[in-house]
Every structure is written in structure tokens, then in C-alpha cells.
Amino acid sequence: MSKITAAITAVSGYVPETKMTNKDLEQIVDTNDEWIFSRTGIKERRILKEPSTGASDLAAPAVLDLCKKRGISPEEIDLLIVGTVTADYNFPSCANIVADKVGAKNAWSFDINAACSGFIYSLSTGAQFIETGKYKKVVVVGVDKMSSILNYEDRTTCIIFGDGGGAVLLEPNEEGNGIIDFQLHSDGSGVHYLHQPAGGSVKPASAETVANNEHSVHQEGKQVFKFAVTNMADVSEEVMLRNNLNGDTLDWLVPHQANLRIIDATANRLNLSPEKVMINIEKYGNTTAGTIPLCLWEWEPKLKKGDNIILSAFGGGFTWGAVYLKWAYNS
Ligand code: UT7
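**Remarks on the nonpolar core**
Nonpolar side chains tend to gather and get buried jointly when the protein is soluble and globular.
(1) Moving on: Grouped together as the largest cluster of nonpolar side chains are 37 residues, with contacts concentrated most on Val 217, Leu 253, Leu 272, Ile 310 and Phe 314.
(2) Moving on: Looking at this core, the elements with two or more residues in it are α7 (221–242), α8 (260–269), β12 (308–315) and β13 (319–326).
(3) Moving on: If one sorts the elements of this core by residue count, α7 sits on top with six residues.
(4) Moving on: The residues contacting Leu 272, other than those within four sequence positions of it, are Gly 247, Leu 250, Leu 253, Ala 267 and Val 277.

**Some details on α8**
(1) Moving on: Listed as buried for α8 are Ile 262, Ile 263, Thr 266 and Ala 267. Seen end-on, α8 carries its buried residues on one side only, within an arc spanning 130°.
(2) Moving on: Among the structural elements, α7 and β11 (252–255) are those in contact with the buried residues of α8.
(3) Moving on: Capping the start of α8, Asn 259 holds a side-chain oxygen 2.8 Å from the backbone nitrogen of Arg 261, two or three residues further along.

**Considerations on the sheet that holds strand β5 (residues 108–112)**
(1) Moving on: The mixed open sheet is built from five strands, whose spatial order is β1-β7-β6-β4-β5. Whereas interior strands pair on both sides, the edge strands pair on one side only; in this sheet they are β1 (5–14) and β5. In this sheet, neighbouring strand axes are inclined to one another by 20° on average, regardless of whether the strands run parallel or antiparallel.
(2) Moving on: Against the sheet, helix α10 (residues 291–299) makes contact with β1, β6 (138–145) and β7 (163–173), and its axis sits at roughly 90° relative to β1, the strand it touches most.

**Let's talk about the pairing of β1**
(1) Moving on: Of all ten residues that make up β1, nine are buried, and the element is covered over most of its length.
(2) Moving on: Pairing geometry for β1 and β7, over nine bridges, is antiparallel. Its bridge partner lying in β7, Val 11 is registered against Val 168.

Criteria and thresholds
Residues numbered from 1 in each chain as written. Predicted model: local features only at pLDDT ≥ 70, side-chain atom pairs only at ≥ 80, totals over all residues. Heavy atoms only, no water. Core = buried A, V, L, I, M, F, W, Y, C linked by side-chain atoms within 4.5 Å. Buried < 20%, exposed > 50% of the residue type's maximum accessible area, 1.4 Å probe, protein only. Helix = DSSP H or I, 4+ residues; strand = E, 2+ residues; numbered from the N terminus. Contact = heavy atoms within 4.5 Å. Arc of directions from axis to C-beta. Polar contact = N/O pair within 3.5 Å; in protein donor to acceptor, adjacent residues only side chain to side chain. Pairing = 2+ DSSP bridges. Axes fitted to C-alpha atoms, helices over the stretch in contact; angles between N-to-C directions.

Take a look at the structure:
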């Protein structure tokens, strides 16, 4: 019997309607469109502004659309994994809420907290349950409502992030397509460069933590930039080399959308021509775990069965990695 691989058989995404442009941000903090666009490549981002809505409200429409596209009932889902750092609550998990909202009554579900690497961590984890033959349908979501943890007085962070996410369905494949290889890393010594200082067990919420804006993203941008450029390129190259891929045989790079300069540096290191690199940062900004599935969703009509694709991310933790997959279907 041929080896079972876990293949993506459908992809969907969701972004909220409300756009926040660089011009809008000029009214809020001391910044300007020229600075933001030239330093990051971002023009606008989406914001989930309706009260009492959370990451699950971004994920659920994507999962429902995914099921519709594939012609399956949510009750057929065996396992649902959500990569996120902005779950609706500290507990229960966002995945539990999403499963309930979509009617995935027979699934068990859990979150993976790996910041911007959340989707590739979740995808690699979900794939194991398919490869072992244990499950037939695993849904993997990458989603974040970053606007819920931003300080809109901090121009170094609030201009970067946006809200949105996407979902993929994993099913068994015996044609040799699907997830072929992955390499993931973490290094917790990076905590102080990119984190949310309060609200966890070290510093529970208090009047003081709120007054000091410690419930929002704190980032030492320059430091994170240096680590991201090196590590995203290194890990992508490593996975490509051991799978005999090069700039010609790779069809697509799907990089985490944190900064256009990081994406360009990674693509250059891999000798990739620009048309092979998925980039939509100008429209959505950095949606943390949402960026990679949002790219796959947008590019899905162009993807062909057998395409060689590298997904690559770097984020808080630090966490980083690359996944090599062969696309399993023509749209
Ligand atoms: O997705 C998770 C991983 N995160 C990342 O990969 C993000 C990595 N880091 C970055 O993308 C970049 O470091 C940033 C976009 C965050 C910042 O860009 P930078 O080129 O590293 O700028 P900088 O922090 O060195 O700041 C340069 C100057 C400073 O002014 P002075 O000290 O040179 O006078 C900042 O105060 O730009 C100033 N500045 C701004 N000016 C206008 C910082 N933010 C802004 C702003 N508008 N929004």
C-alpha cells in the first residue's frame, strides 16, 4: 500500500469588511503613508470592529465556506485545530468555540499558540493525524484578531497588524501529493523582543497593567527583523535542499506577511523570481497566524496539482519554520 500523506483539499479565508488605511492611521498616531508603505509594504489592513466579536467570528465563516466548497458537512470533521494568539478567551480554546459555531459536533479541537508560525505549526500537527490513518478530515485554521491586542498610541506596532484568517481541510492522499516535509523551531529566549507582557500568570490583569498598556503587543522591531530575515531564509533553504528543490523547481513561496523587506530578502536567498512569491501584505497587513492561509485562499485558482510549495514563517516566541507540500488538486 502506498504511503498516506495529508493533503490540503480545500482552502477558504475571511477578512472583516472594515478597512483601516494608512491615511486613517495618520489621524490616530504620528505616522504617514509614505513611512508605513516604504518600511513595511502595507497600505491598509482589516479590522473586526463589531462589539463582542472575537477570533472565532473570523474563523467560523472560513470553516463553513471550506465545508461548502468541499461538499461536506461540519459533522464529518474529526479534528479542528486553531493557530492563534488572540483566542476569544484565555480559556476555553478558540477551537472549541469555532467547532461549536460551525456545528462540528463530532470533532475534538484545540489551539496552538505559536504566534506568526501558528498556521504552519498547526498544519504540521494536523497532518500527523491523517498520516497515521487515524482521521480522514482535519481542519486547520490560522486566525488572529490583532486589533484586540494593539495599543493605537504606539506607532511602532499598531501600523503593522490587521485582523483575518483562513482555514484548510486536510484529507488522506495516496498519489504522493500533500505535506511532504517540515522543519519547525522555537526559542523562548526571544520572549522579550515580541510579547504581550500582562494578562498571563506572570502578570495578571490589574488597574496598573491596564494603565501601562501592558495588554498589548510589545515588539523590538529591529531585533525581530534581524532574526526573521535570517531564520526564515535559513529554514526554507534547508527544507528545499533536502527535498532537491531549487529556485527553478519550486513553484510557489508562501511567506508569512510581516514586512515586505523580509519577504524580499527570503525570496532572494532562495533565488526565486518575484512572480513565484505570494504577497498580499499591502491589503491585509500582518494578520499573525492568518497570513499564510489568506495567501493560499487568494492564490488557490492559480495553483495546479503537483505544484511544489514552501510555506515559511517567523514570529513571537521566537517560533519559525517551513513546510514543503505538493498541491493536490486543480481548482
Ligand atoms: O510578524 C511577527 C514578526 N514581526 C516582524 O517580523 C516585524 C519585524 N520588524 C519590522 O518589520 C520593522 O522593524 C518595523 C516595521 C517594525 C520598523 O521598521 P524599521 O525600519 O526597523 O524602523 P525603526 O524601528 O528602526 O525606526 C526608524 C525610525 C525611528 O525614528 P528615529 O529614531 O530614526 O528618529 C522611529 O521612531 O522610524 C520611526 N518610526 C516611525 N515613523 C513614522 C517608527 N515607527 C514609525 C511610524 N511612522 N509608524
